[in-house]
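# A look at the structure
Here is how the chains run, residue by residue.
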Amino acid sequence: LQIDSMGFPNDQSVWQDHYDIVIAGDSFTLRSAPKTWIEILRDETSMSTLTLGAPSWAPLNYSAAIEKYGLDKHPKWVLMMYLTESWCWRMISNMV
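All figures in this text were calculated on a predicted structure; none of them were measured in a lab.

### A few points about the nonpolar core
Residues Phe 8, Trp 15, Tyr 19, Val 22, Ala 24, Leu 50, Leu 52, Tyr 62, Ala 65 and Ile 66 constitute the largest nonpolar core, which totals 10 residues. Those elements giving two or more residues to this core turn out to be strand E1 (21-25), strand E2 (49-53) and helix H2 (59-70). When residues of this core are assigned to their parent elements, the largest contribution, three residues, is made by H2. Each residue touching Tyr 19, except ones within four places of it in the same chain, is listed here: Gln 12, Val 14, Ser 48, Thr 49, Leu 50, Lys 73, His 74, Pro 75 and Lys 76.

Shown next, in the form of structure tokens:
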């Protein structure tokens, strides 16, 4: 698992001033294989990517990370990746 100096799953340890795509999410954002969908997206589009995510995060975490770390990178695209069943089920099970 690769993480950068801010603790996010990026293959570069030092962040750039600008990224074309900012990606936030839960375990979908982890680089757990030699080449993940994030590298394929970057290679196929020739766009730079910044990944902001962590396991067990929910949409409120994604939006907070995008607001705090991603918007000042002036991305062309912002992607939020999540598995609806995982965070919805946690919210419902905590209410019961």
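### Comments concerning a nonpolar patch on the surface
Among the surface-exposed residues, Leu 71, Val 78, Met 80 and Tyr 82 lie close enough to one another that they form a single nonpolar patch of about 340 Å² accessible area. Among the structural elements, Val 78 can be located in strand E3 (residues 77-81).

### Quick word on the packing of aromatic side chains
Here the structure, examined in full by the defined rule, presents four aromatic pairs. Where Phe 8 meets Trp 15, the ring centres are 6.1 Å apart and the plane angle is 35°; that geometry is what we call tilted. For the pair shown, Phe 8 and Trp 15 are each scored as buried. Centroid distance Trp 15 to Tyr 69: 5.9 Å. Interplanar angle 90°. Geometry classified as edge-to-face.

### Comments concerning the sheet that holds E3
If you walk across this open sheet you meet the three strands as E2-E1-E3, and the pairing is parallel. Looking along the sheet, the strands with just one partner apiece sit at the ends: E2 and E3. Strand-to-strand twist of the sheet, defined as the mean angle between neighbouring strand axes without regard to direction, takes the value 15°. Sheet analysis places E1 next to E2, joined by five bridges and oriented parallel. Note on E2: the bridge partner recorded for Ile 23 is Thr 51. The strands that helix H1 (residues 37-45) touches are E1, E2 and E3; relative to E1, the one it contacts most, it runs at about 165°. Sitting on the sheet, H2 touches E1, E2 and E3, and the angle it makes with E3 is about 155°.

Each value, and the rule that gives it
- Residues numbered from 1 in each chain as written.
- Predicted model: local features only at pLDDT ≥ 70, side-chain atom pairs only at ≥ 80, totals over all residues.
- Heavy atoms only, no water.
- Core = buried A, V, L, I, M, F, W, Y, C linked by side-chain atoms within 4.5 Å.
- Buried < 20%, exposed > 50% of the residue type's maximum accessible area, 1.4 Å probe, protein only.
- Helix = DSSP H or I, 4+ residues; strand = E, 2+ residues; numbered from the N terminus.
- Contact = heavy atoms within 4.5 Å.
- Patch = residues over 30% accessible without salt bridge, like charges linked within 9 Å, V, L, I, M, F, W, Y side chains within 5 Å.
- Areas by Shrake-Rupley, 256 points an atom, 1.4 Å probe, with all protein chains shown as cover.
- Salt bridge = Lys/Arg side-chain N within 4 Å of Asp/Glu carboxyl O.
- Phe/Tyr/Trp six-rings, centres within 6.5 Å; stacked < 30°, edge-to-face > 60°.
- Pairing = 2+ DSSP bridges.
- Axes fitted to C-alpha atoms, helices over the stretch in contact; angles between N-to-C directions.

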